Each structure stands twice: as structure tokens, then as C-alpha cells.
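Okay, here's what each chain looks like letter by letter:
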Amino acid sequence: MPTRTSRTFLRVMTWLVGLCGIALLLGGGWLAAIGGSAYYVVAAVFFLATAFLLHRARPEALSVFAVLVIGTLIWALYEVGFDWWPLAARGDVVFVIGALLLLPWVTRPLSPRTVADALDGRERKLSPLKGHGAVLTASLLVAVGVAASSWFTDLHAKEGELPGTRVGAGDGGIPEGEWLAYGRSQMGQRYSPLADITPANVSSLAVAWSFETGDEPQPGDPEETTFQVTPLKIGERLYLCTPHQNVIALDATTGAEVWRYDPVIQGELALQHLTCRGLSYQRAEAANAAGQPTGAPQAAASQAAAPAPQGTATELSAEGGLTAPQDSGSTPNGSNGAPVDQSGGNTDPGLPVAVANARTATCDDKLFMPTADGRIVILDPETGAVCSNAGGGDGQIDLWDRMPNVNPGSYYSTSPVIVAGNSVIVGGTVLDNVSTAEASGVIRAFDITTGNLLWNWDSGKPNDTQPIGEGQTYTPNSPNSWSIMSADEALGLVYVPLGNQPPDQWGANRSPQVEEYSSSIVALDVRTGQPRWHFQTVHHDLWDYDVPAQASLIDLPIGGEIVPALVQPTKQGEIFVLDRRTGEPVMPVVEKPAPGGAVAPDRTSPTQPKSAISFDPPSLRERDMWGATMFDQLACRIAFHGLNYGGRFTPPSLDGSLIYPGNFGVFNWGSVAVDPARGVMFATPTYLAFTSRLVPRPDDKSLVVNPNQPKGALPALNENFGAPYAIKLGPFTSALGLPCQQPPWGYVAGVDLTTGETAWMHKNGTTRDASPVPLPFRMGVPNLGGPMMTAGGVAFLSGTIDYYVRGYDVTTGEELWKSRLPAGGQATPMTYRGADGRQYLLVVAGGHGSLGTKRGDSVIAYALPQGN
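Residues numbered from 1 in each chain as written. Predicted model: local features only at pLDDT ≥ 70, side-chain atom pairs only at ≥ 80, totals over all residues. Heavy atoms only, no water.

## With respect to the pairing of strand β16 (residues 375-379)
Within β16, 5 of the 5 residues are buried, which leaves it mostly tucked inside the rest of the structure. Here β16 shows no split at all, with R375, V377 and L379 on one side and I376 and I378 on the other all buried. What sits between the antiparallel neighbours strand β15 (residues 366-370) and β16 is a turn of 4 residues, in which G374 has the positive phi angle 90 degrees. Pairing geometry for β16 and strand β18 (residues 396-398), over 3 bridges, is antiparallel. (Buried < 20%, exposed > 50% of the residue type's maximum accessible area, 1.4 Å probe, protein only. Helix = DSSP H or I, 4+ residues; strand = E, 2+ residues; numbered from the N terminus. Pairing = 2+ DSSP bridges.)

Okay, here's the thing in C-alpha cells:
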């Protein structure tokens with residue numbers, strides 16, 4: 001006999017199933033009307049029929065819903081095969097409701113069916129569970145079986161092995177236990193010849209020490225405030241910089257702080273990013289080899305009255321305490337007292353006046369720190385003191401000198417500089433999508449000792465590299481190099497990854513020079529700055545597909561000879577392998593047709609380059625849409641059809657375009673790692689779609705995409721003042737904030753660079769720290785931060801959006817070890833040998849503001865147990 005509770009539950013289920021049916025009918029009808037799948041309309045009919053039969057308390061409701069379960073399963077298998085996460089999005093609601101319909105509170109009120117006994121002819125009542133319920137139960141069991149099979153099936157993995165034969169040599173001249181540049185050397189390999197940690201013992205890695213920098217979020221920080229540093233290891237010390245620009249020296253074996261330098265950054269900066277990816281280093285021998293003194297500076301006449309060094313340094317006293325110089329009139333918050341106009345721009349383009357005394361030293365070796373207010377500060381690695389024999393006597397170089405459109409914070413170098421002989425070569429980031437009146441993307445070389453400008457390569461005047469005169473300025477708003485350069489000093493070339501001209505998504509007014517060099521890798525002569533060759537990775541870039549990563553230099557056996565090669569990852573997923581002497585492709589590159597349809601008078605290039613080594617994802621289809629449930633997946637399908645999309649290189653539009661890969665990039669500043677001994681590459685491709693919509697600008701002042709942004713120093717991003725259109729950009733996500741495209745979104749992959757073959761590729765990372773419930777589902781998640789490889793056959797990566805550092809077998813890609821981090825690890829790990837003889841793995845866990853990972857300030861060293 002049905003109870004009041006069961007009758008109430010039945011009514012609730014009736015309404016639930018009915019509402020689902022109505023939602024599916026409305027949304028599915030919309031989808032079908034715009035050319036999408038008819039499944040949702042058919043499903044709606046079965047939901048509504050089930051609701052009607054439940055309302056009539058008919059047990060046939062269970063059989064009707066069983067047909068829906070089997071039909072959904074067949075449709076889902078047709079669309080995605082045995083792929084768990086896409087299957088789950090299609091069937092989760094149907095399965096859960098089917099299971100609820102089998103609860104006794106639902107089945108008891110259903111009218112039993114009366115049947116005649118075959119033997120004695122008497123009528124008997126047949127329970128719904130023994131008829132229609134059995135049919136529904138069977139359908140759900142079939143669904144469970146398919147789900148279980150798909151859970152243990154990985155359709156996205158490629159299994160294989162990388163070769164283990166030795167084909168080349170690593171970085172020459174660097175002690176094996178040291179890490180002297182961002183990529184260990186300026187060849188950018190992110191490879192260490194240390195081999196103590198192997199696939200056999202990596203699981204024994206444990207924390208040896210940890211250090212907290214004390215760098216915490218501050219009011220007024222831009223969203224993209226990130227701890228992206230890869231520390232240097234020189235002698236027995238580590239050197240790193242923090243997001244708020246402090247430079248710290250640590251004992252490499254114990255993690256104890258040795259000294260700290262604060263450059264006292266000017267306040268109220270127009271920052272889009274606040275980060276420091278790393279420092280650069282010059283050995284005294286390099287300066288001597290270049291014929292430059294390491295003693296008293298040879299100051300230029302124009303710098304005879306250079307200001308005193310800006311910043312403060314502290315170091316450990318003999319008793320272990322910190323000592324600091326006495327302050328001599330510093331102004332609050334690091335402000336230099338220079339006049340500021342109403343838009344927040346500093347009208348004084350020169351170096352800030354001194355705000356604090358800094359200890360100075362005559363330096364042999366030197367560290368180089370680019371600051372957020374547009375300087376390069378040169379420090380003594382021993383003490384943290386400013387070098388009095390560098391920068392013309394004040395230990396700093398002014399990057400705002402001769403720069404147009406001065407607005408402090410709108411230009412500075414977020415990445416380490418290149419040191420070649422006694423010159424320092426520097427690019428810088430320019431505000432992206434803010435206005436058409438920004439600073440220049442000029443690349444410059446300065447004499448380290450005197451601070452004199454040696455040459456300037458300005459893409460607006462690409463063949464005139466002689467230093468421009470006093471009172472002149474560089475080409476404004478030109479393509480810039482915000483990422484990390486690499487250099488081959490034997491060839492005398494520096495390799496510059498170049499972006500495109502802002503605004504990124506509108507190119508109707510670009511000059512021929514911009515068109516030639518935008519989104520290219522450019523090889524410049526170290527001595528003169530003259531361009532020796534360039535290779536354009538995107539033609540007429542309208543997608544913010546700037547070259548984001550440091551090129552890796554490696555010698556490869558190709559065609560029976562050893563070729564000095566350059567491996568360049570790109571945002572669009574291509575890996576271009578070029579002869580670094582000439583820029584000619586080593587692996588084949590072909591031009592492929594690209595979509596048209598740019599908003600007039602803009603245009604698109606009819607073709608785009610594609611490399612033989614490519615992680616370009618297949619074009620998205622409606623069936624590739626995803627969600628946590630069938631309802632948000634339905635919404636994503638509708639949104640997909642509402643966007644302009646013709647595959648990769650679909651141009652931005654007034655109605656909105658789908659950009660895939662998005663400007664997050666398949667590869668970003670973390671680049672790849674290459675093993676020069678084996679001729680192989682460890683890569684971390686990421687796949688996220690974005691949307692892009694041009695918004696007409698009524699004038700050059702109105703906020704059209706950020707109407708509620710408060711006034712202040714931080715720039716109004718994506719407004720494109722001075723251009724006819726602003727731009728609305730964002731990830732292609734559902735109302736729940738989940739990607740509309742199905743997972744995986746992130747992989748690790750191993751490539752044989754001598755053949756171009758991808759040997760293995762595995763989805764990587766979990767949703768533990770990116771979902772409301774911390775379930776460690778291995779879905780393959782985005783990565784931002786680079787990998788590192790070792791001669792021991794183990795690669796390391798910490799950049800996934802879950803908070804782990806992981807170790808992988810380079811040969812097979814198998815994940816061998818992981819350790820939980822206290823925050824996001826959006827930086828590239830490094831490794832070195834300590835004074836105790838052990839090989840250490842160093843990881844920075846500081847998070848990433850715009851990525852949404854937890855902020856932190858941890859530096860963590862791992863090592864094998866003593867004696868292992």
C-alpha cells in the first residue's frame with residue numbers, strides 16, 4: 001500500500017522529469033532549428049512521456065525511460081565512442097533519474113499490472129519491479145557496463161618509446177651541477193646532465209628544505225601577478241626574484257637566506273603583468289674575454305651625472321642577523337616624486353631619482369634584474385650590492401631612454417635578459433590591447449660597464465640598428481618581445497621571439513615592416529643588431545598568436561650531418577625546427593589554406609604555415625561540446641553554433657568567433673625541454689578554446705568592454721583606444737565555468753626530433769584543485785609553466801592547475817612520482833648539485849592570478865635520501 005511519503009516522492013519525480021523534458025524540448029528545439037543534433041528533442045519526448053505516465057501512476061513509465069537510457073547510450077557511443085568524460089556528460093542525468101525511478105518510493109504507488117496465471121487462470125498482480133522495473137534495471141546495468149569499460153579505456157593516449165641512443169652533446173662550459181640561465185644556459189634547453197635521479201629511484205624524492213619569500217598579494221596588484229621564476233644556481237647559492245621584484249640569494253644546500261635586495265619600485269604603475277621570470281648572470285671571465293675592465297667604469301659623458309642607485313639591500317651579518325643601510329630620505333611607497341599627468345603617465349622619461357642608499361661594490365661576476373618600472377639593476381652575486389662598475393657607475397640601465405609614449409609600468413622586461421660578452425640584450429613587454437599609442441617593442445644592446453647603447457633593432461626601421469640620437473624616439477606600438485630570448489654566441493646570434501602589434505585582433509593599419517616581422521622568430525647579430533634571418537610563424541596575426549616561448553637550441557643528426565637546429569614552440573601548436581644559422585626549416589613546413597572573412601577593411605592571410613611536428617588540434621565540432629550535465633552541454637552546443645568558426649585561424653568578428661587554440665596557447669612561455677644527448681623533446685600541449693568579438697568604439701575615450709573599471713593606474717585592458725574596435729575575449733565556457741570543449745585539455749608528449757615523430761602522448765593532471773569537490777579525476781588539465789629534463793631519464797613539471805610537481809619517465813612518458821605543493825606551481829623547475837653531493841630538484845609554488853591557482857611564496861627543494 002503506497003504511503004503518503006511515497007506518493008509525495010512520486011509527485012516530486014513527476015515534476016522533476018517533466019521539467020527536464022520541458023528544458024530539453026526548448027533547448028533541443030532551438031538547437032535543431034539552427035542545424036544541430038535532434039537527440040535532445042527526441043529525449044524531451046521520452047522525458048515528457050515518462051512524466052505523463054508517472055502522473056497517471058502507470059508502471060509503463062519505467063519501460064519508456066529504459067528506452068531513453070538505451071537510446072542515449074547508442075547516441076553517445078556514436079558520437080564519442082568509449083570515451084568516459086564525454087559519455088558521462090551525455091548520460092549522467094539520464095542515469096541518475098533512471099536510478100531514482102527504481103526507488104521503492106516511486107515504484108510502490110505505480111499501479112500493478114494484472115495478468116492471468118497460465119496454469120490455473122487466476123488473475124495475479126505483477127509488481128512493477130518484476131516487469132517494467134526489470135527492463136529499466138537491465139538498461140541501467142548495460143550503461144554501467146559501458147561506463148566501466150570506458151573508464152579503463154584511454155582513447156587519447158599514444159603509447160611508444162623515445163630512443164635512448166646518444167646522438168649529441170649538452171651545453172658546453174657549464175659545470176654539471178649548476179644552472180646559469182633561465183633554460184640552464186642561453187641555449188634554452190631546460191636540460192641537466194645530472195643523472196643521480198632515475199626512473200628507478202625518483203619515487204624516493206622527498207622535501208629537503210623549503211623557503212617562503214614573504215612576497216604576498218598587495219592592494220592594487222594586477223590580476224596577472226605571478227611567481228614564474230626559475231632560479232639560478234651559481235657556486236653554492238641560488239638566486240631568484242619575486243613578483244614584487246625582490247632579489248634573494250639562498251644557500252643551495254640548506255635553503256637559508258644569504259641576502260635580499262629590494263629595488264624599491266616606483267608606485268602607481270600601469271601594469272598588465274607583475275612578474276619576474278628570472279635573473280641573468282655574467283661571469284667575470286666573459287667580461288674579460290670581451291676586452292672590458294671589471295674595475296672602474298668608463299662612464300659616458302651623457303651619464304656623468306647619473307643618479308645614485310635606487311634600492312635597498314640586506315645581507316646576513318656574521319651573527320646571522322640581517323643588516324640594512326640607513327635610509328636617506330626615501331619617499332612613501334617607493335614613489336620618486338616625478339610629476340605624473342592625469343592619465344597616470346610619468347612625464348619624466350629618465351631614471352627615477354634616488355630614494356634610498358644602496359650598498360655598492362666593485363663586481364666581478366654580475367646578476368641582472370629587470371624591474372617593473374623600466375630598469376635593469378646590476379648586482380653583486382656575493383653581497384647583493386649594486387655594482388659600481390656597471391651601468392656607467394650607478395649599476396642600472398634606463399629602459400625608458402628614448403622610448404615613446406612614456407607611461408611607467410606600460411613597458412618593462414618580464415623575462416631575463418641575454419648576456420653576450422660584455423653586452424646585455426633586452427626586449428620588453430608592451431601593454432596589450434590597451435591603445436594604439438604604446439611604447440616601442442625595440443630590442444636593444446647595452447654595454448654592461450658603461451651603460452652605453454650599442455645598437456637598437458626597431459622593427460619599424462629593421463635595417464637601421466645604429467643607436468638613435470638624443471631627442472629621438474623609437475617606433476611606437478611596434479611588435480615586442482616579452483618572452484625569453486636564446487643565444488648562440490659561437491654563431492654570434494641572439495634569437496628573439498616576437499609578438500604582434502597591438503591591438504592584437506585588428507590589423508588593418510599595420511605597416512609593411514610590422515607585417516614582415518610580426519609573430520616571427522628573429523635572429524639578430526649580437527655585435528651589430530642587424531637581422532640575419534627571420535621566420536614568420538603566423539601571417540597577419542589577428543589571434544594574439546605571438547611567439548611566446550624561448551627557442552631551444554640543439555644539434556641534431558639530420559640527413560647524415562649534424563645540423564645546428566632551433567626548436568620553436570608556438571601558441572597555435574606548431575613546433576618549427578629550423579637551421580639556426582639560416583632560418584631554413586629542418587623539418588618540413590608547408591602553407592595550408594586558412595579561413596577568410598575578416599571585418600573590412602581588415603583581411604586575413606589566405607594560407608598559414610604548418611610544421612611537420614604539429615600539436616595543432618583537430619577542428620571542433622558540435623559533438624566535441626561538453627559539460628557537467630546534458631543541460632550545460634546542450635547550452636554549449638547552442639553557443640557553438642552561434643559563433644563564427646571555420647577552424648583554426650577563424651578571424652575575429654562582430655558577432656563573435658570561436659578561436660581554437662585560444663590565445664592561452666598550446667604552448668606558452670614555459671616552452672619545451674630538449675635532451676641534446678638523445679635528440680628528443682618533452683612537450684606539454686594545452687588545448688583551450690576562446691571566444692573573440694570585436695566591439696565598435698564610438699570614440700577614443702569611452703570604456704566599452706570595461707565600463708565599470710575604477711579609475712587608477714591599472715590599464716583598461718582590451719579597450720584598444722585609438723582603434724575602431726575594442727575586443728571582448730574570454731575562454732569558451734559554460735554557465736558553470738567549465739570548458740565547453742570536452743577534455744582532455746592538457747597532455748605531456750615525447751617527440752623524436754631527428755624524425756619528427758611523436759613517440760608517446762598522455763593526458764596529464766587532475767581536477768582536484770579546479771572543481772568544487774576536490775576529486776582527483778585524471779582528466780588532462782591545462783598547464784602553464786615549462787618542463788625540465790635530466791640525463792637520468794626523468795622529466796619534471798609543476799605547471800598544471802592542480803598543485804603537484806610530477807616526475808615522468810622520458811622514454812615512455814609514464815608518471816613515476818608526484819608531490820603535493822602548497823600553491824600553484826606555475827614556474828619551470830630546475831635541478832642542481834648541492835654542497836653535500838646530492839642532486840636537488842627545485843620547485844617554485846606561487847600560483848597564477850589570472851589562471852585562478854592559489855597564490856603562494858614557496859621555494860621547495862627535493863632530494864633523494866642521503867646515501868641513496
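## A short note on the environment of S850
The residue S850 is located in the loop between β47 (839-845) and β48 (858-863) in this model. We classify S850 as partly exposed; its relative accessible area is 35%. The spacing of S850 and E223 is 627 residues in sequence and 5.6 Å in space, taken between C-alpha atoms. The contact partners of S850, leaving out residues within four places of it in the chain, are E223 and E224. Reaching out from S850, the side chain makes a polar contact with the side chain of E224 at a distance of 3.0 Å. For S850, the side chain forms a polar contact with the side chain of H848, separated by 3.3 Å. (Contact = heavy atoms within 4.5 Å. Polar contact = N/O pair within 3.5 Å; in protein donor to acceptor, adjacent residues only side chain to side chain.)

## Quick notes on the state of the cysteines
Under the counting rule described, the total for this entry stands at 3 disulfides. Through a disulfide, C241 is tied to C276; the S-S separation comes to 2.0 Å. As the torsion about the S-S bond is roughly -85 degrees, the C241-C276 disulfide counts as left-handed. Here the residue C241 occupies a position in strand β7 (residues 237-241), and C276 occupies one in the loop between β10 (273-274) and β11 (280-282), the gap between them amounting to 35 residues. Here C363 engages in a disulfide with C387; their sulfurs sit 2.1 Å apart. Between C363 and C387, the S-S dihedral sits near -105 degrees, and the bridge is therefore left-handed. Here C363 is found in the loop between β14 (360-361) and β15, whereas its partner C387 is found in strand β17 (residues 386-387), with 24 residues between them in sequence. Residue C387 is classed as buried on the basis of its relative accessible area, which comes to 0%. (Disulfide = S-S within 2.5 Å.)

## A closer look at the nonpolar core
If you look at the biggest cluster of nonpolar residues, it comprises 55 residues, and the most contacted ones within it are L205, W209, W259, F796, Y832, L841 and Y862. Top element by residues in this core is β47. It accounts for 6 residues. Judged by nonpolar contacts, the second largest core, of 39 residues, contains V17, A44, L68 and V93. (Core = buried A, V, L, I, M, F, W, Y, C linked by side-chain atoms within 4.5 Å.)

## Overview of unusual backbone geometry
Between Y660 and P661 the backbone carries a cis peptide bond, its omega angle lying at 0 degrees. On the secondary structure map, P661 appears in the loop between β35 (657-659) and β36 (673-675). In this model, P743 is joined to P744 through a cis peptide bond whose omega is 5 degrees. Among the secondary structure elements, P744 is positioned in the loop between β39 (725-731) and β40 (747-752). A positive phi angle is found at A57, which is not glycine, with a value near 60 degrees. In this structure, A57 sits in the loop between α2 (39-55) and α3 (60-80). A57 sits in the buried class, given a relative accessible area of 15%. Positive phi outside glycine occurs at N405, with the angle close to 55 degrees. Looking at where N405 falls in the secondary structure, it is placed in the loop between β18 and β19 (411-412).

## Section: the pattern of salt bridges
Tallied over the entire structure, the rule returns 27 salt bridges. Linking D555 and R580 is a salt bridge whose minimum nitrogen-to-oxygen distance equals 2.9 Å. Of the two residues, D555 sits in strand β29 (residues 552-558) while R580 sits in the loop between β31 (574-579) and β32 (589-593), which places them 25 residues apart along the sequence. By relative accessible area, D555 is classed as partly exposed at 35%. On the basis of relative accessible area, R580 is assigned to the buried category, the value being 4%. (Salt bridge = Lys/Arg side-chain N within 4 Å of Asp/Glu carboxyl O.)

## Some thoughts on the sheet that holds β39
Strand order in the open sheet made by the 3 strands is β35-β38-β39, with antiparallel pairing throughout. Sheet topology places β35 and β39 at the edges, where each strand pairs with a single neighbour. Going across the sheet, the axis of each strand differs from the next one's by a mean of 30 degrees, ignoring polarity. Inspection of the sheet shows β35 paired to strand β38 (residues 690-696) by 3 bridges, in the antiparallel sense. What sits directly across from S657, in β38, is S692. (Axes fitted to C-alpha atoms, helices over the stretch in contact; angles between N-to-C directions.)

## Looking at the packing of α2 against helix α4 (residues 84-101)
Two packed helices can be described by the angle between their axes and the distance between those axes. Their axes nearest at 13 Å, the elements α2 and α4 cross at an angle of 15 degrees. Put simply, α2 runs roughly parallel to α4. Considering how the two elements wind past one another, α2 and α4 form a crossing that is left-handed. Contacts between α2 and α4 pair Y39, F47, T50 and L54 from the former with V94, I97 and L101 from the latter. (Parallel < 35°, antiparallel > 145°, perpendicular 65-115°, else oblique. Left-handed = near helix turned anticlockwise from the far one by under 90°.)

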